[in-house]
Amino acid sequence: MGRKFRTMSKKKAILLDRDGTLIEDKNYAYKIEDFKLLPGVIEGLQLLQNELLFFIVTNQSGIGRGYYTVEDFHKFNNHLVETLKEQNIEIIKTYFCPHLKEDKCDCRKPKTKFIGEIIKEFDVDIKRSWMIGDHPSDIQFGINGGCNTIFLTTGHGDKHIDDLKSLGIKPTCIYHDFYSAAEKIYEDLQKK
Ligand SMILES: [Mg+2]
Ligand SMILES: [Zn+2]
């Protein structure tokens, strides 16, 4: 947490879904050989890194299903965090839910346990923060937690875009690539 901020105002954050948002969603990926960053992610995060804290919030039911272990998850996720670090991008913390939907835990998106923890631990201004994801549950999570939301049509987003309407979930914006989402957030930061 060695980053310097321009002002002493409350910190803003971006809550990032992982699979389908930052990296290709290869359905329960946990092997390094399946790791692939999506286009525009590095450039987009670099654009925003001086102004925002980055967190990953990811549902990992592959753990609950026994497809891979918590250790496998960490190994794979650390590879992502290290890859970003090489580009001078800092992920402050990764929050993951290892449960199945049927477990009815309180950490699986769209449940907001992790937003609560982020607010408490890092004192972020959640109303001026953003959630970016490729699934309706990411958007519902952001809305439930009180942040702005961006739905990406990368990953599973294209497949689920019509679900937004049928579920009555309204993201702040919809974009087709990560960099466009980052530009939108960047513009928004300059405004206020
Ligand atoms: Mg996703
Ligand atoms: Zn959970």
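The present account deals with the structure reproduced in this document. (Residues numbered from 1 in each chain as written. Chains lettered and ligands numbered in written order. Predicted model: local features only at pLDDT ≥ 70, side-chain atom pairs only at ≥ 80, totals over all residues.)

### So, the overall build of the protein
(1) Moving on: A tally of regular secondary structure across the protein gives seven helices and six strands.
(2) Moving on: Each helix and strand of the protein, ordered N terminal to C terminal, gives the series β-α-β-α-α-β-α-β-α-β-α-β-α.
(3) Moving on: Taking 192 residues into account, the globule formula puts the C-alpha radius of gyration at 16 Å, and the protein, at 16 Å, falls close to it.
(4) Moving on: Based on the C-alpha atoms only, the size of the protein along its principal axes is roughly 45 × 40 × 30 Å.
(5) Moving on: Classification of the 192 residues of the protein by burial places 38% in the buried group.
(6) Moving on: Excluding contacts between residues fewer than 6 apart, the proportion of contacts in the protein whose partners are at least 24 apart in sequence is 66%. (Helix = DSSP H or I, 4+ residues; strand = E, 2+ residues; numbered from the N terminus. Rg over C-alpha atoms; globule rule 2.2 N^0.38 Å. Buried ≥ 20, exposed ≤ 12 C-beta atoms within 10 Å, placed from the backbone. Contact = placed C-beta atoms within 7 Å.)

### Notes on the sheet that holds strand E4 (residues 130-133)
(1) Moving on: Taken in spatial order, the six strands of this open sheet run E3-E2-E1-E4-E5-E6, and their pairing is parallel. A strand with exactly one partner marks an edge of an open sheet, and here the two such strands are strand E3 (91-97) and strand E6 (173-175). Each strand of the sheet is rotated relative to its neighbour by a mean of 20 degrees, with strand direction disregarded.
(2) Moving on: Alignment of E4 against strand E5 (residues 148-152), held across four bridges, turns out to be parallel. (Pairing = 2+ DSSP bridges. Axes fitted to C-alpha atoms, helices over the stretch in contact; angles between N-to-C directions.)

### Examining the pairing of E4
(1) Moving on: Neither face of E4 is open: one carries Trp130 and Ile132, the other Met131 and Gly133, and all of them are buried.
(2) Moving on: The pairing of strand E1 (residues 12-16) with E4 spans three bridges and is parallel. By the bridge assignment for E4, isoleucine 14 is matched with tryptophan 130.
(3) Moving on: In this region the chain leaves E4, passes through helix H5 (residues 136-145) and returns to the parallel neighbour E5; the handedness of that crossover is right-handed. (Right-handed = clockwise from strand over helix to strand, strands pointing away.)

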